[in-house]
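# Observations on the three-dimensional arrangement
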Amino acid sequence: MSHEEIHRSHRVGWLRAAVLGANDGIVSTASLIIGVAAANTTHDSVLLAGVAGLVAGAMSMAAGEYVSVSSQSDTENADLALEKKSIDEDFEFEKDELAKIYEKRGVKPSLAQKVAEQLMEHDALGAHARDEIGISENGNARPVQAALASAGTFTIGAALPLVVAWVVPVDSLIPYVAVSSLIFLALLGSIAARAGGAPIAVGATRVTFWGALAMALTAGVGQIFGVVA
Ligand SMILES: [Zn+2]
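Quick caveat: nothing in here was measured; it's all calculated off a predicted structure.

Looking only at helices and strands, the protein chain features seven helices and zero strands. Taken from N to C terminus, the helices and strands of the protein chain fall in the order α-α-α-α-α-α-α. Taken over C-alpha atoms, the radius of gyration comes to 25 Å for the protein chain, far larger than the 17 Å a tight globule of 229 residues would show. When the 229 residues of the protein chain are sorted by exposure, 38% land in the buried category. Put simply, of all contacts in the protein chain between residues at least 6 apart along the chain, 71% involve residues at least 24 apart. As displayed, the protein chain offers around 13500 Å² of accessible surface, 66% of which is attributable to carbon and sulfur atoms. Each charge sign in the protein chain was given a centre, from 15 positive and 24 negative side chains, and these centres are 8 Å apart.

Written out as structure tokens, the structure is:
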């Protein structure tokens, strides 16, 4: 009887980045909007602060992601160049090294040797990249893609409380933005938990709690500034 396994780990990587980006967008922009509104400012200045927060946040997410993924890409490329040099200089040694990796994984020495020999003949660098270094031959890091994805998901997240702030009157803006943002966060947390095979309630509670805390703190700071200013 055949059975089908659903593996989720391959989708967790980009999902986690997408959820983190959108989560950051919602929490930071909603908190900014609530903080500025709590300081008794006009509707226009609340919206202006929200738009500035969206642009600044998206750019900093993109820059941060680009820099961190680029340095990962640099490391991967340096590892691949080192590996290629070592294979060119001592093919036999590298073949034995590969065979030992398969032996450690439970393959019989004679078969491990044969497998290593055939894989080295077929694509020596690819085999070492995959089985020794743990990356695909062309590297896993895509800095531009990661930066765009991060900025894009942040922007989508940030646009949600901003649209709410735009359509509701300024005197009821704080409760509307707060409640709607918590609902967005709970939805996001549930989707991420569901896709990752984790309990939905835990996922939703986790992001909602931190979102609520961030909004409450900035509302408090905004109120203090509103009184002082
Ligand atoms: Zn090697």
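Taken together, the protein donors to the zinc ion comprise Glu83 (OE), Glu94 (OE), Glu97 (OE), His128 (ND1) and Glu132 (OE), at separations of 1.8 to 2.5 Å. Spacing between the donor residues of the zinc ion along their common chain follows E-x10-E-x2-E-x30-H-x3-E. A residue pair is termed long-range when its members are at least 10 positions apart, and glutamate 83 in helix α2 (residues 43-89) and histidine 128 in helix α4 (residues 109-133) qualify at 45 residues. Both residues of the pair, glutamate 83 and histidine 128, belong to the buried class.

Now for the domain arrangement of the protein chain. Domain annotation for the protein chain reports domain 1 (10-71 + 142-228) and domain 2 (82-133). Between the C-alpha centres of domain 1 and domain 2 there is a distance of 47 Å.

The subject of this paragraph is the packing of aromatic side chains. A complete count under the given rule lists one aromatic pair for this structure. Measuring from centroid to centroid gives 5.0 Å for phenylalanine 209 and tryptophan 210, while their planes differ by 75°, and the two rings are edge-to-face. Since its relative accessible area comes to 54%, tryptophan 210 is described here as exposed.

Turning our attention to the pattern of salt bridges. Counted according to the given criterion, the structure contains six salt bridges. A salt bridge links aspartate 131 to arginine 130; the nearest nitrogen and oxygen atoms lie 3.5 Å apart. For aspartate 131, a relative accessible area of 15% puts it in the buried group. On the basis of relative accessible area, arginine 130 is assigned to the partly exposed category, the value being 44%.

Turning to the nonpolar core, a few remarks are in order. Formed by 33 residues in total, the largest nonpolar core has its most connected members in Ile33, Ile34, Ala165, Leu173, Val177, Leu185 and Met215. At nine residues, helix α1 (residues 9-38) tops the list of elements feeding residues into this core. Leave out the neighbours within four places in its chain, and alanine 165 touches Ile33, His43, Leu47, Leu173 and Val177. Among the nonpolar cores identified, the runner-up in size contains 14 residues, and Ala99, Ala112, Ala124 and Leu125 belong to it.

The contact between helix α6 (residues 173-195) and helix α7 (residues 200-228) brings their axes to 7 Å, and the two run at 145°. Note that α6 runs across α7; the crossing there is right-handed. Taking contact as the criterion, the partners of Ala178, Ser181, Leu182, Leu185, Ala186, Gly189, Ser190, Ala193 and Arg194 in α6 are, on α7, Ile200, Gly203, Ala204, Val207, Thr208, Gly211, Ala212 and Met215. Its residues placed into classes, the contact of α6 with α7 shows ten nonpolar, six polar and one charged.

Analysis parameters
- Residues numbered from 1 in each chain as written.
- Predicted model: local features only at pLDDT ≥ 70, side-chain atom pairs only at ≥ 80, totals over all residues.
- Heavy atoms only, no water.
- Helix = DSSP H or I, 4+ residues; strand = E, 2+ residues; numbered from the N terminus.
- Rg over C-alpha atoms; globule rule 2.2 N^0.38 Å.
- Buried < 20%, exposed > 50% of the residue type's maximum accessible area, 1.4 Å probe, protein only.
- Contact = heavy atoms within 4.5 Å.
- Areas by Shrake-Rupley, 256 points an atom, 1.4 Å probe, with all protein chains shown as cover.
- Lys, Arg positive; Asp, Glu negative; His and termini not counted.
- Charge placed at Lys NZ, Arg CZ, Asp CG, Glu CD.
- Donors = N, O, S within 2.8 Å, 3.2 Å for Na, K, Ca; no water.
- Domains from an automatic or database assignment.
- Phe/Tyr/Trp six-rings, centres within 6.5 Å; stacked < 30°, edge-to-face > 60°.
- Salt bridge = Lys/Arg side-chain N within 4 Å of Asp/Glu carboxyl O.
- Core = buried A, V, L, I, M, F, W, Y, C linked by side-chain atoms within 4.5 Å.
- Axes fitted to C-alpha atoms, helices over the stretch in contact; angles between N-to-C directions.
- Left-handed = near helix turned anticlockwise from the far one by under 90°.
- Nonpolar A, V, L, I, M, F, W, Y, C, P; charged D, E, K, R; others polar.

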